[in-house]
Amino acid sequence: MTLEYVLNQAGIPLLLFVICMIYGTRLLIVQDASGIKGKNRGPLKNEKEYSKAGGRLILFFGIGTLLMAILILVNVYVAVAEIMICSIIMGVLWKRMNDKYGG
């Protein structure tokens, strides 16, 4: 298995992993929720907690994409199933976070 093969098969999920890690870490450190709350939304109930929870969820999704990148090299169907499960979990948890801390 060469580097070219790995990048051809898992390059995009690896790029998404890096983006999620950077953005999730930025949310946890800076705690500015303006990038994830939407422009047409009103003020948040608790912006700091919203940013922390959102950062953790984005980091969770980043780890899910890293796992997908690894699973793509083993079995594509398992990788797609895994990322679908992670997306559903993230959607449910994001909805709960938004109901708890959102505006």
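Just so we're clear, the structure is a prediction, and the values are computed from it rather than from any experiment. One numbering rule holds for all chains: residues counted from 1, following each sequence as written. Predicted model: local features are reported for residues with pLDDT of at least 70 only, side-chain atom pairs are reported and counted for 80 or more only, and whole-chain, interface and lining totals are derived from all residues. Side-chain metrics rest on all non-hydrogen atoms present in the structure, leaving aside hydrogens and water.

Keep in mind that most residues, glycine aside, have a negative phi and that most peptide bonds are trans. Positioned with a positive phi, glutamine 31 is a non-glycine residue whose angle comes to about 60 degrees. Counting through the fold element by element, glutamine 31 comes out in the loop between α1 (3–30) and α2 (34–37). Secondary structure elements are defined from DSSP: runs of H or I of at least 4 residues count as helices, runs of E of at least 2 residues count as strands, and each element is numbered from the N terminus.

With respect to the helices, strands and loops of the structure, glutamate 82 is situated in helix α4 (residues 76–101). Here the term buried applies to any residue with accessible area under 20% of the maximum for its type, exposed to any over 50%, and partly exposed to those in between, with areas from a 1.4 Å probe on protein chains only. Here the positive residues are Lys and Arg and the negative ones are Asp and Glu; neither His nor the chain ends is included. When a carboxyl oxygen of Asp or Glu is within 4 Å of a side-chain nitrogen of Lys or Arg, the pair counts as a salt bridge. Salt bridges are absent for the buried glutamate 82, whose nearest opposite-charge side chain, arginine 56, sits at 18 Å. Look past the residues within four positions of glutamate 82 in its chain and what remains in contact with it is Gly64, Leu67, Met68 and Leu71. Here, residues are in contact when the closest pair of their heavy atoms is within 4.5 Å.

With that settled, the discussion passes to the pattern of salt bridges. Counting across every chain of the model gives two salt bridges. Put simply, lysine 52 and glutamate 49 hold a salt bridge, and the shortest N to O gap is 3.8 Å. Linking lysine 52 with glutamate 49, this pair stays in helix α3 (residues 47–74), spanning three residues, or about one helical turn. Judged by relative accessible area, which is 29%, lysine 52 ranks as partly exposed. Exposure remark for glutamate 49: the relative accessible area of 26% places this residue in the partly exposed category. Residue aspartate 99 pairs with lysine 95 through a salt bridge whose shortest N-O separation is 3.1 Å.

This paragraph deals with the confidence of the model for the protein. The predicted coordinates of low-pLDDT regions are not to be read in fine detail. On average, the protein scores 89 in pLDDT, and the residues at 70 or more come to 98%. Residue-level confidence of the predictor is summarised by pLDDT, bounded by 0 at the bottom and 100 at the top. By mean pLDDT, α2 is the weakest element of the protein at 76, and α4 is the strongest at 94.

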